[in-house]
Amino acid sequence: AALYFFRYHGITPQLAGTFAACFGLMNLFARSCGGITSDYMNKLYGMRGRLWAMWILQVVEGAFCIIMGLVTIGYESPDSGLPKVVALFEFEETLYSLEPTDPNYLIVGCGTDDLKAPALFRLPGSNVSIVEGSGVFDLPTRILVGDFLNDDCIRNQDLVGLVVFIMIMFSTCVQMAEGLHFGVVPYVSRPALGIVSGMVGAGGNAGAV
């Protein structure tokens, strides 16, 4: 997830990692909510209620996956096979490029990269180099370069907030579904409760991998 936010939405690795961590953080409450829902549905409708709750929640879970795809489906990505373009970075609301001799001067269309701040850079289309650390241009230690000029890129649509929200809702459904499934486990085979619980847990981990 972190790599997706970094490559597709053009945000820093630190921020991408924070957003990716939100997926797992839903475990703090959502799995318990799934178990509570399972018990409540069992109280109302018996085992059929538990199973219906599982089915409904997983349909909602799948719907969030589809919605996330629809949000970005019409835009270009780093995997669209676009030709390379000049890599730009933003500093104090102005775009700059690397030196043409820099090995990272070009970047894949709609791509993003995290680089060490260059010693020399320039305004796009200019032949005059700017020296980093000259007092006026003190860049951070690392900079984020990317394709800023293609309006069809996902990274230039400011969709990351919406995508993170959808991911959190999807993750909540995933973790609740886990709680709902473990609500059914004790009824599968009481003599083999430990084995069934282990198989369900192992299957979940295998699916995650």
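The structure this text deals with has already been given above.
Note that the structure is a prediction, hence the values are computed from the model and not measured. (Residues numbered from 1 in each chain as written. Predicted model: local features only at pLDDT ≥ 70, side-chain atom pairs only at ≥ 80, totals over all residues. Heavy atoms only, no water.)

**Student:** I'd love a proper account of the packing of aromatic side chains, names of residues and values included.
**Tutor:** On inspection of all chains with the given rule, the structure shows eight aromatic pairs. Each ring, one from Phe5 and one from Phe19, has its centre 5.9 Å from the other, and the planes form 70°; the classification is edge-to-face. Highlighted residues: Phe5 in helix 1 (residues 2-9) and Phe19 in helix 2 (residues 13-25), separated in sequence by 14 residues. Put simply, the rings of Tyr4, Phe5, Tyr8 and Phe19 touch in pairs and so form one group of aromatic residues. Arg155 extends its terminal NZ or CZ atom over the ring of Phe148, reaching a point 4.7 Å from the ring centre. (Phe/Tyr/Trp six-rings, centres within 6.5 Å; stacked < 30°, edge-to-face > 60°. Helix = DSSP H or I, 4+ residues; strand = E, 2+ residues; numbered from the N terminus. Lys NZ or Arg CZ within 6 Å of the ring centre and 35° of its normal.)

**Student:** Lay out a negative patch on the surface in plain terms, naming residues and giving numbers.
**Tutor:** Side chains of Glu90, Glu92, Glu93 and Asp138 sit close together on the surface and give a patch of like negative charge. The topology assignment puts Glu90 in strand 2 (residues 88-91). (Patch = residues over 30% accessible without salt bridge, like charges linked within 9 Å, V, L, I, M, F, W, Y side chains within 5 Å. Areas by Shrake-Rupley, 256 points an atom, 1.4 Å probe, with all protein chains shown as cover. Salt bridge = Lys/Arg side-chain N within 4 Å of Asp/Glu carboxyl O. Lys, Arg positive; Asp, Glu negative; His and termini not counted. Charge placed at Lys NZ, Arg CZ, Asp CG, Glu CD.)

**Student:** Quick one: what's the story with the pattern of salt bridges, residue by residue and with numbers?
**Tutor:** Pairs may arise between side chains of opposite charge once their charged atoms sit close together. Counting across every chain of the model gives five salt bridges. Between Arg7 and Asp79 there is a salt bridge whose closest N-O contact spans 3.1 Å. In this pair, Arg7 is assigned in helix 1 and Asp79 in the loop between helix 4 (47-72) and strand 1 (85-86), connecting sequence segments 72 residues apart. In this structure, Glu99 and Arg122 form a salt bridge, with 2.9 Å as the shortest nitrogen-oxygen distance. With Glu99 in the loop between strand 3 (94-98) and strand 4 (106-107) and Arg122 in strand 6 (residues 120-122), this pair connects stretches of sequence that are 23 residues apart. Judged on exposure class, the residue Glu99 and its partner Arg122 are both buried. (Buried < 20%, exposed > 50% of the residue type's maximum accessible area, 1.4 Å probe, protein only.)

**Student:** Go over the side chain of Ser38, please, and point to the residues and values.
**Tutor:** Relative to the helices and strands, Ser38 is located in helix 3 (residues 30-45). On the accessibility criterion, Ser38 (0% relative accessible area) is buried. Apart from the residues lying within four places of it in its own chain, the contact partners of Ser38 are Arg50, Leu180 and Gly183. (Contact = heavy atoms within 4.5 Å.)

**Student:** Give a detailed account of the pairing of strand 8 (residues 142-146), specifying residues and quantitative values.
**Tutor:** Of all five residues in strand 8, four are buried, a share of seventy percent or more. In this structure, strand 5 (residues 112-116) lies alongside strand 8, joined through five bridges in antiparallel fashion. From the neighbouring strand, Asp113 faces strand 8, where its bridge partner is Val145. (Pairing = 2+ DSSP bridges.)

**Student:** Summarise helix 2; cite the residues concerned and give the values.
**Tutor:** With 13 residues, helix 2 extends 18 Å from end C-alpha to end C-alpha; this agrees with the ideal 18 Å at 1.5 Å per step. Among the residues making up helix 2, those that are buried are Ala16, Phe19, Ala20 and Cys22. Viewed along the axis of helix 2, the buried residues span an arc of 135°, placing them on a single side of the element. Against helix 1 and helix 5 (160-184) lie the buried residues of helix 2. (Expected span 1.5 Å × (residues − 1). Arc of directions from axis to C-beta.)

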